[in-house]
Amino acid sequence: MENSLPSYKLVLLLAFSLFLLVNTELGFLSPARAIDNNTKVYIVYLGERENDDPELVTASHHQMLESFLDSKEDAHKSMIYSYQHGFSGFAALLTSSQANKISDHPEVIHVIPNRILKLQTTRTWDLLELSQIPTSFSSSTTSVKGLLHDTNMGSEAIIGVIDTGIWPESKVFNDQGLGPIPKRWRGKCEPGEKFNATIHCNKKLIGAKYYVNGLLAEMGETFKTTTVREFKSNRDALGHGTHTATIAGGSLVPNVSFYGLARGTVRGGAPRARIASYKVCWNTMQKDGTGPGGSCSTADMLKAFDDAIHDGVDVLSVSISGDLPEDTEVDKPDFVGAFHAVSKGIPVVAAASNEGPKAQTVANAAPWLLTVAATTLDRSFPTKITLGNKQTLFGESLFTGPEISTGLAYWDSESDDNGDVKGKIVLVFDTTSTYPVETKGVAGVIYAQHPDDIVDRCHAFPCIYTDYDLGTDILQYIRTTRSPTARISAATTLTGLPATPKVAEFSSRGPNSVSPAILKPDIAAPGVSILAALSPFDPNGHDGFGLASGTSMSTPVVSAWRTSPSGEPIFAEGSNKKLADPFDYGGGLVNPQRAAHPGLVYDMGIEDYINYMCSKGYNDSSISRVIGKKTKCPTPKPSILDMNLPSITIPNIEKEVTLTRSVTNVGPIKSVYKAVIESPLGITLTVNPTTLVFSSEDKKVLSFTVKAKTSYKVNTGYFFGSLTWTDGVHDVKIPVSVQTRIMIKS
């Protein structure tokens, strides 16, 4: 294990561990002010390295920059980062004229303007059936079953987290029971403000670096913490990185709760994995006037990618997304960094973004990213509301008592005359702010609103969330009663039925706006009210833990539930609740145990990505530099429909189309699979052959074609179906999405 990459099952476990943490994500902010009006930070991307010696790679970067500037000294001052490990390129302060001249250099693939990113910010593993764990690291692992057992709970694996850093004193980073750090690890812990590398790193937290030069150069400022709390080190002031690292690979911490709610053992999906933290997001005053928050420079982030590839991480979490329209694959630094990570065998898991439920809002659309939507857990926090007429209703809250019994009033946000509500429970419809209610001395607030799956804890008073139906019932009682009253009881924790997972309202939806034939999101995982460690400075934490929500190489087809683990349908919250479809949750809710024994996989490699770039119109020379070897696109261009994805998406069928897929047998050597087709409405699907016979070790990969024929004579929306290969034991199912588009003939 020490000298080899982790096993297939271990990579699967790590990927599942990250599905949840990416569901708290980052979004784009407008480019910030540069040092002066003439210069800003640009990223000069040169593709794959042409030399294995990092020092020679960096020297070539300086040499190139010198040729465009007045002197060697100017080039030295201009250079911010040299990317010399995982790929080749550099970040530098340039004028727009200098950037344009460099972009014409024959060795340059692209010059990308730096951007400043904005951070947006227990029951999980039980739901995903990864809950069989010993009570402590010193306990025997014989009770651990399935994927956790097969991978020794992720032992020896290294998870890289690019985020806001780590709060190292948190209990989730204890290294009890862990063996020596894997010898293949080449990273390090960097000392800095309030971060002692010798004391704060251990056999659990094995890497801690920080990157701020790109942010400071872009903003034209020096590092200062007089206006906001921050540390010039990997120490996490915001808490986001600590939270995500906990979900990915946190150690076992028993008997944790949030003010008594969601009580249980907090741990990561791979609790014995090692963690390497790369801090690229910083607590700064936001340009939009919203106060302090996380800002992240793409130049810094790309350097973190570069180092993570060199250091030897096994999987990367990069919780980042962009504004629409989504940038192309070579215009976005994180896509570039992710491509080079994936090409070197490091899966990169990314968030679908938090712009749902509108269609075509999914981010991180590059096919080499594993893009994850957010679902709720099968857990809720029901809160009983008893009206004065003895009618009992249930909202949801994080209110932990004591019980409140007092007068009840309606607050009309459009009115200037709401009377005296001091000491009363107030009903409010559709508000994003408690002001001015919070200034009126109320005893509590009942919010009636469109369901958004976010349950917050209000600090000034108890707040309970209901939908419009219950809100209207309460309002009717208020308006028909002379002196209405209400009693609010403390919330309880309910797990299992009737609560079932559903796609969260905020989770971004497909179809993919960059490449409609690439299904995004890929899959869904819990991302609502996840209990994990936080920074002590986080006002939403309690005893170092808190609840957070949000969305944060496509490995072999990841087996997924199309129903909840309990067998109930999975719905999607939106303007109208509906049954979830592939644009809501990709292949379905992640199912780790079945993914460990899939039977067949849809495998993708570099050739698939080359064909993808050819189909998108990138020229041979650019692709060759990205890949690091001479590449020539075939004629005619490959069809994007033939990418070996574990899904079929046809965005513009006019009459009929035929596409190809290949599957690899990872089950018994002699296996026979038969096709089961569920055609989308109005579409005829034909598979050839209908039976796949794997007869020997040498015959592990078989191809088949799928012909889709539409019966529609008009343009339609998408209709959904599926294709399943079954051998009686394994059901390898992929979603099929087809839209008819009739071309107008001139």
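Relevant structure appears above.
Residues numbered from 1 in each chain as written. Predicted model: local features only at pLDDT ≥ 70, side-chain atom pairs only at ≥ 80, totals over all residues. Heavy atoms only, no water.

### Some points on the side chain of Ser-615
Piece 1. Secondary-structure assignment places Ser-615 in helix α15 (residues 606-615).
Piece 2. Look at Ser-615 and you get buried, because its relative accessible area is 18%.
Piece 3. For Ser-615, the side chain forms a polar contact with the main-chain oxygen of Tyr-612, separated by 2.6 Å.
Piece 4. Not counting residues within four places of it along the chain, the set of residues in contact with Ser-615 comprises Lys-637, Pro-638 and Ile-640. (Helix = DSSP H or I, 4+ residues; strand = E, 2+ residues; numbered from the N terminus. Buried < 20%, exposed > 50% of the residue type's maximum accessible area, 1.4 Å probe, protein only. Polar contact = N/O pair within 3.5 Å; in protein donor to acceptor, adjacent residues only side chain to side chain. Contact = heavy atoms within 4.5 Å.)

### Looking at the packing of aromatic side chains
Piece 1. Per the stated rule, a full pass over the model turns up 17 aromatic pairs.
Piece 2. Aromatic side chains Tyr-210 and Trp-282 sit 6.2 Å apart centroid to centroid with 75° between the ring planes, which places their arrangement in the edge-to-face category. You can see Tyr-210 sitting in strand β8 (residues 205-210) and its partner Trp-282 sitting in strand β12 (residues 281-285), a full 72 residues away along the chain.
Piece 3. You can call Tyr-210 partly exposed: its relative accessible area is 21%. (Phe/Tyr/Trp six-rings, centres within 6.5 Å; stacked < 30°, edge-to-face > 60°.)

### A short note on the pairing of strand β4 (residues 88-95)
Piece 1. In terms of burial, β4 is a largely internal element, seven of the eight residues being buried.
Piece 2. Relative to β4, strand β2 (residues 39-47) is paired through eight bridges, and the arrangement is antiparallel. Among the inter-strand pairings, Ile-43 is bridged to a residue of β4, identified as Ala-91.
Piece 3. By the bridge criterion, four bridges tie strand β3 (residues 79-83) to β4 in an arrangement that is antiparallel. For Tyr-81, the partnering residue across the bridge sits in β4 and is Ala-91.
Piece 4. A loop of four residues connects β3 with β4, the two strands running antiparallel in sequence. (Pairing = 2+ DSSP bridges.)

### Thoughts on the environment of Pro-402
Piece 1. In this fold, Pro-402 is placed in the loop between β19 (392-396) and β20 (404-411).
Piece 2. Along the chain, Pro-402 and Ala-490 lie 88 residues apart, while their C-alpha atoms are 6.6 Å from each other.

### What to know about α15
Piece 1. Most of α15 is tucked away: seven of the 10 residues are buried.
Piece 2. Listed as buried for α15 are Asp-608, Tyr-609, Ile-610, Tyr-612, Met-613, Cys-614 and Ser-615.
Piece 3. Considering only its buried residues, α15 is in contact with α11 (333-343) and α16 (620-627).
Piece 4. Positive phi appears at Gly-617, one or two residues downstream of α15, with a value of about 95°.

### Brief notes about the sheet that holds strand β41 (residues 718-726)
Piece 1. Sheet architecture is open: five strands sit in the order β35-β42-β41-β37-β39, paired in mixed fashion. At either end of the open sheet lies a strand with only one pairing partner, and these are β35 (648-653) and β39 (691-694). Each strand axis lies, on average, 20° off the axis of its neighbour in the sheet, ignoring direction.
Piece 2. Sheet topology note: the β35/strand β42 (residues 731-740) ladder contains four bridges and is parallel. For Thr-649, the partnering residue across the bridge sits in β42 and is Ser-737. (Axes fitted to C-alpha atoms, helices over the stretch in contact; angles between N-to-C directions.)

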